[in-house]
Amino acid sequence: MKRNAILIALMFLILTLLPAHQALAQASAWSEVVDSNGNILYSQMTDQGVVTQAAAWMPNITLPGVGTVSVPAEYHSYVTQSGNTVLMPTATTLFFMAANANQSGFSAAASTMGTSGLSMVNSNNGNVVGIASLGAFFGALVGNQNIGLPSATTATNFFNQVLAGQSNIWSLAPGGLMNFLSSLATPSLQDGNLYTYMLLYAPGQCGSTPAGCSAEQLALIVTPTLTPPVSTETPPPSPCPGASVQLGAISASAQQTAPAYPLVVGQDPDKRGVDVEFSASVAPTIYTYYVEVPLYDQETKCVNGVCKSQQVVVGHTCEAHTISYPECIASASGSLALSKASRDWILNELSIRYPEAYLHHPNFSFGGSGCAFSASEDHVQVADPGNWSAHIGGSTSGTPVSGPRSFSRASAFSVWLKEIVIVK
Amino acid sequence: MNITLSQKKITKIILAVALILALGAGAYNAWTNNLFERFLPKQELSGTEPALKAVADFYAPNLDGGYEAWLTQVCGGMSADGCGLLRAMYGDVVWKTFEASGAKFVQSQALMIEDVETLKNDHHIWKLDVTVVSVNPQDEQKTNQLQTYAQVSFDKASGTWLLERILFDQEIKERYGVDMGAQQ
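Everything quoted here is computed from the prediction, not taken from an experiment. (Residues numbered from 1 in each chain as written. Chains lettered and ligands numbered in written order. Predicted model: local features only at pLDDT ≥ 70, side-chain atom pairs only at ≥ 80, totals over all residues.)

> What's the story with the interface of chain A and chain B in this structure? I'm lost.
One frequent convention defines the size of an interface as the accessible area lost when the parts assemble. Counting residues at the interface gives 18 residues for chain A and 25 residues for chain B. Sort the elements by how many residues they give to the side of chain A that touches chain B and strand β3 (residues 60-63) of chain A lands first, with 4 residues. Tallied by class, the residues present in the side of chain A that touches chain B amount to 8 nonpolar, 8 polar and 2 charged. (Contact = placed C-beta atoms within 7 Å. Helix = DSSP H or I, 4+ residues; strand = E, 2+ residues; numbered from the N terminus. Nonpolar A, V, L, I, M, F, W, Y, C, P; charged D, E, K, R; others polar.)

> Please clarify how helix α3 (residues 67-75) of chain B should be interpreted in this entry.
Every α-helix carries 3.6 residues per turn, so stepping three or four residues along brings you back to the same face. All names here are of chain B. Along α3, the residues classified as buried are W70, L71, V74 and C75. With its buried residues spanning 125° around the axis, α3 presents them on a single face. Buried-residue contacts for α3 involve α2 (49-59) and α4 (80-101). (Buried ≥ 20, exposed ≤ 12 C-beta atoms within 10 Å, placed from the backbone. Arc of directions from axis to C-beta.)

> When you look at the confidence of the model for chain A in this model, what are you seeing that I'm missing?
Detailed reading of the predicted coordinates is not advisable wherever pLDDT falls low. Residue and element names in this part refer to chain A. On average, chain A scores 72 in pLDDT, and the residues at 70 or more come to 71%. When pLDDT is averaged over each element of chain A, strand β13 (residues 250-258) comes out on top at 92 and helix α4 (residues 134-139) at the bottom at 22. Below pLDDT 50 for its whole length, residues 1-27 participates in 60 contacts with residues either more than four positions away or in separate chains. (pLDDT = per-residue confidence, 0-100.)

> Is there a simple way to think about the packing of α3(B) against α4(B) in this case?
Two quantities define a packed helix pair, namely the angle between the helix axes and the distance between the axes. All names here are of chain B. Relative to each other, α3 and α4 sit at 135°, their axes nearing to 11 Å. Comparing the axis directions of α3 and α4 gives the class oblique. Along this stretch, α3 crosses α4, giving a crossing that reads as right-handed. Contacts between α3 and α4 pair Y67, W70, L71, V74 and C75 from the former with C83, L86, R87, G91 and W95 from the latter. In the contact of α3 with α4, the residues fall into 8 nonpolar, 1 polar and 1 charged. (Axes fitted to C-alpha atoms, helices over the stretch in contact; angles between N-to-C directions. Parallel < 35°, antiparallel > 145°, perpendicular 65-115°, else oblique. Left-handed = near helix turned anticlockwise from the far one by under 90°.)

> So what exactly am I meant to see when it comes to the sheet that holds strand β17 (residues 329-338) of chain A here?
Strands pair in a sheet through their backbones, by hydrogen bonds, and they do so in one of two ways: parallel or antiparallel. All names here are of chain A. Ordered by their spatial adjacency, 4 strands build an open sheet running β18-β17-β20-β21, and the pairing between neighbours is antiparallel. The two strands at the open ends of the sheet, each matched to only one other strand, are β18 (363-366) and β21 (406-415). Each strand axis lies, on average, 15° off the axis of its neighbour in the sheet, ignoring direction. Across 10 bridges, strand β20 (residues 386-396) lies against β21 in antiparallel orientation. Looking across to β21, one finds that G393 is bridged to S408. Packing against the sheet, helix α8 (residues 340-353) makes contact with β17 and β20, and its axis sits at approximately 145° to β20. (Pairing = 2+ DSSP bridges.)

> Looking at this model, I keep getting lost on the environment of E377(A). Mind explaining?
Inspection of the secondary structure assignment puts E377(A) in strand β19 (residues 373-380). Remark: the alpha-carbon pair of E377(A) and Q256(A), spanning 121 residues in sequence, is separated by 9.7 Å.

> I keep staring at the confidence of the model for chain B and nothing clicks. Help me out?
Scored by pLDDT, chain B comes out at a mean of 87, with 90% of its residues at no less than 70. In the model output, the complex is listed with pTM 0.51 alongside ipTM 0.74.

Shown next, in the form of structure tokens:
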């Protein structure tokens, strides 16, 4: 009897807790995505369709003799009117995103909202106070620290409070829940995927999202948002220097790390192959601007014996301000390629001594992901001898004050062939 | 009533109590960590053929037969959940990789090396030795071997083991410390 009572109490507790609707909201960003009744505003967003992405954080399966196959990450992507990207990951993708929050970009999302089973979670970067000021919005994007269940307060009207910019709120079965779930079902039915969650990325992050940047987003990125308003009056010459942009340095490398003297796998009983590493990251771009600050002095004037002191402007000084804009690697890929000279040597010279000599696998390519891109592969089965080039190339996402940049780095290594010469 | 105990007897009693406590603590530790299992005789598993055949079929598709035929063949030895996951999550990408390889798969075999562990839901993890014979685009026949891990469940109705799924490389590395990429 007592046990039954405990069981019933536990079930009640679980049922009560399950539909927990939580929010860490941000003022107007979500108002372009969802209305106060919980309807998702698809008609007001640009549909980028279903996008897939090879991602190192998604599960891999090794197939004998074929290689490693990676399950692609899959999302439905939308762009809001102000250029934010809204990603709806499939249930499978969401699971692995959450399990690899940093690597997958889950933690980098400016804000997230969705359901988890029957519960609803909405969280964002606690530092972000609004999207009205793009500069402040980007400046605050130093990594989302508050993803996860917030230390919440109950929302009495969930969607209205989300739109009003309240943060850290949750609600039990809020009004508009069925509208929200029905709206989520629309692309779910259309794509044959289950979507339960939305991740919101700011325009400057579009390069690091799988759908990439739309023309509108690129225009938003390359147009500095901190330009002062245009005035019809001729402004007095400013004593301060103009604003400057110091682009963040791009660090990238592609290299063969081991072994010191790799042997073609065809001659190596251990099939050791080569280990390769590719990495790329970009330092924040620093925007420096100057504010003219007046210098005051005390001036005393005496009229008929009555003295009056007042502050007068005697000059100006310039105060420097800096804003640091983080930047991601938007896309990158690593590759290995046998040099043309080595290919010619195999096909022309080596084939004279070994009539069956041919190019086995002269190119390899490697995917990776992340704001700081990294990819590595051990035991790459290089079967062709000669001089190889390890190469990484890609582009950065850009910042509100600088456009995307491309980069390319390469290094060389040799793969050896044992030759036996019989001297009579 | 007075009970007289010699110092020797008191020492013996203390030693006996200490010994009982130590044995009890050891037994409790062994029980909570399933250490007794390794001393128990391993039960010979029977009815493993469907799961092993599903694994073998998974790694050696008949590309001429098409994707659906391959799924049907593999799912023949899988649980309904396992088959659903294969269809929904990774079957498509695995099939496309097989197609892109240009290889023709002529023979495959899966052998259970070890019944590694039993999960909380009574599913088992098997360590498997997989051999695949294929012919590459240059008409060279190749035999490739791979050791991998699979999650299987016992189907009481048929008295056979069914494949739930082949573990992903990341899980194998995390759980058993085996780098699957090193086998390639």
